[in-house]
Amino acid sequence: MKIAILTLPLHTNYGGILQCYALQTVLEREGHDVKVLAKPLYSKLYYLIWALAIIKRIFKRVFLGKNISILYAQHQLERKIIRKNTDRFIKTYLHSYPTNAWNKSLSKKFDAIVVGSDQVWRPAYVNPEEYCLSFLKDAEIKRISYAASFGMDNVDEFTKEQLKNCAGLLKKFDNISVRESTGVDICRDNFGVEAIQLIDPTLLLDSKDYISLIDEKDIQEPIGNMLVYILDKTEEKIELVNKITKERGLVPYWLDSADEIDRSR
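Quick notes on the rules
Residues numbered from 1 in each chain as written. Predicted model: local features only at pLDDT ≥ 70, side-chain atom pairs only at ≥ 80, totals over all residues. Heavy atoms only, no water. Helix = DSSP H or I, 4+ residues; strand = E, 2+ residues; numbered from the N terminus. Buried < 20%, exposed > 50% of the residue type's maximum accessible area, 1.4 Å probe, protein only. Contact = heavy atoms within 4.5 Å. Areas by Shrake-Rupley, 256 points an atom, 1.4 Å probe, with all protein chains shown as cover. Core = buried A, V, L, I, M, F, W, Y, C linked by side-chain atoms within 4.5 Å. Salt bridge = Lys/Arg side-chain N within 4 Å of Asp/Glu carboxyl O. Pairing = 2+ DSSP bridges. Polar contact = N/O pair within 3.5 Å; in protein donor to acceptor, adjacent residues only side chain to side chain. Phe/Tyr/Trp six-rings, centres within 6.5 Å; stacked < 30°, edge-to-face > 60°. Arc of directions from axis to C-beta.

K.L.:
Can you break down the overall build of the chain residue by residue, with the values?
P.N.:
Along the chain, the regular secondary structure elements total eight helices and nine strands. Looking at the chain as a whole, 37% of its 265 residues are labelled buried. Counted over contacts in the chain with a minimum sequence separation of 6, partners at least 24 positions apart contribute 74%. Total accessible area computed for the chain in this model is approximately 16,300 Å², and 54% of it derives from carbon and sulfur atoms.

K.L.:
Let's hear about the nonpolar core: which residues, and what values?
P.N.:
Leu6, Ile113, Val115, Trp121 and Phe191 are the most contacted members of the largest nonpolar core, which has 36 residues in total. Mapped by element, the contributors of at least two residues to this core are β1 (2-6), β4 (112-115), α4 (160-170), β6 (175-178) and α5 (181-191). Excluding residues within four positions of it along the chain, valine 115 makes contact with Leu6, Val120, Trp121, Tyr131, Leu133, Ile144, Ser145, Tyr146, Ala148 and Phe173. Cys20, Tyr21, Ala112 and Ala147 belong to the second largest nonpolar core, which has 20 residues in total.

K.L.:
Can you tell me about the pattern of salt bridges, naming the residues and giving the values?
P.N.:
As enumerated under the stated definition, the model contains seven salt bridges in all. Across the pair aspartate 209 and arginine 29 runs a salt bridge whose closest N-O atoms are separated by 2.8 Å. Within this pair, whereas aspartate 209 is found in helix α6 (residues 207-211), its partner arginine 29 is found in helix α1 (residues 14-29), the two being separated by 180 residues in sequence. Classification of aspartate 209 by relative accessible area gives buried; the value is 10%.

K.L.:
Explain the pairing of β4 to me, using residue names and the numbers behind them.
P.N.:
By the alternation rule, side chains of β4 split into Ala112 and Val114 and Ile113 and Val115, which are all buried. Summarising the sheet, β1 and β4 pair through four bridges and their orientation is parallel. Residue alanine 4 lies in a different strand from β4, and its bridge partner there is isoleucine 113.

K.L.:
Please give an account of the side chain of arginine 122 that cites residues and values.
P.N.:
In this fold, arginine 122 is placed in the loop between β4 and β5 (142-148). Within the structure, arginine 122 has its side chain in polar contact with the side chain of glutamate 157 (distance 3.1 Å). The residues contacting arginine 122, other than those within four sequence positions of it, are Ser149, Phe150, Gly151, Met152 and Glu157.

K.L.:
A description of the sheet that holds strand β7 (residues 196-197) should follow, citing residues and the corresponding values.
P.N.:
With respect to topology, seven strands assemble into an open sheet ordered β3-β2-β1-β4-β5-β6-β7, the strand pairing being parallel. At either end of the open sheet lies a strand with only one pairing partner, and these are β3 (96-98) and β7.

K.L.:
Could you give an account of the packing of aromatic side chains, naming the residues involved and the relevant values?
P.N.:
Evaluated as defined, the whole model comprises 12 aromatic pairs. Through a chain of ring-to-ring contacts, the aromatic side chains of Trp121, Phe150, Phe158, Phe173 and Phe191 assemble into a single cluster.

K.L.:
Before we move on, could you go through α5 and cite the residues and values that matter?
P.N.:
Restricting attention to buried positions, one finds in α5 the residues Gly183, Val184, Ile186, Cys187 and Phe191. For α5, the arc enclosing every buried residue in end-on projection is 165 degrees, short of the 170-degree limit, so these residues lie on one face. Looking at the packing, one finds that the buried side of α5 touches α4, β6 and β7. Just downstream of α5 lies glycine 192, where phi reads positive at about 65 degrees.

As structure tokens, this is what we get:
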């Protein structure tokens, strides 16, 4: 089958990149032709906004004496550093299918679309109706979700209209699986569809599959021997990491944007 994967925009999303690579790999090993749907990172309007932002930063630097970068904001500098590696991985290992818009015509290119994994049904991150494949309309194509996540154990982020629309869209799916057990409850209680719980696609691969990706010649020696990657860092989580490293005599290596910037200097 020709299968398209629809997941969150990847870019600097470490976990998102790995889960997408894993799902693509598993499907390809089953003999399918797999592509990852990808929209352009920026719209045409972005470049106008960028130009205005540059003018604003020039003003701050020249007239207000601010020591800031002219071309990029701080968060852009951080992403630029991280993307040196993530872009290379995406280009090398993920089989992207670039398109300016997702629409019904995709049903003529693919036999099935698999939505997931990651928090693809979280309104705070995406348009949930779009990730429930609203753009396919009445097209004849298999609709599947694999380990999709709502990112929460409730639907508080959904509007009433989104709940209604997504319920109708999910009923068109051939198979629905979610990542968390709470997702099963959400699907049943709020959308009137039955779902099963399946593991994140990263766990479908063996450790040797990831080891084979590593080219030791290009690996920079990490500062530490316990990798720490936390999506939402809190004081409680930091204390837990410090407790574990102290008990086991390890040095934490925090994988986040600030760490990447420190290493680049």
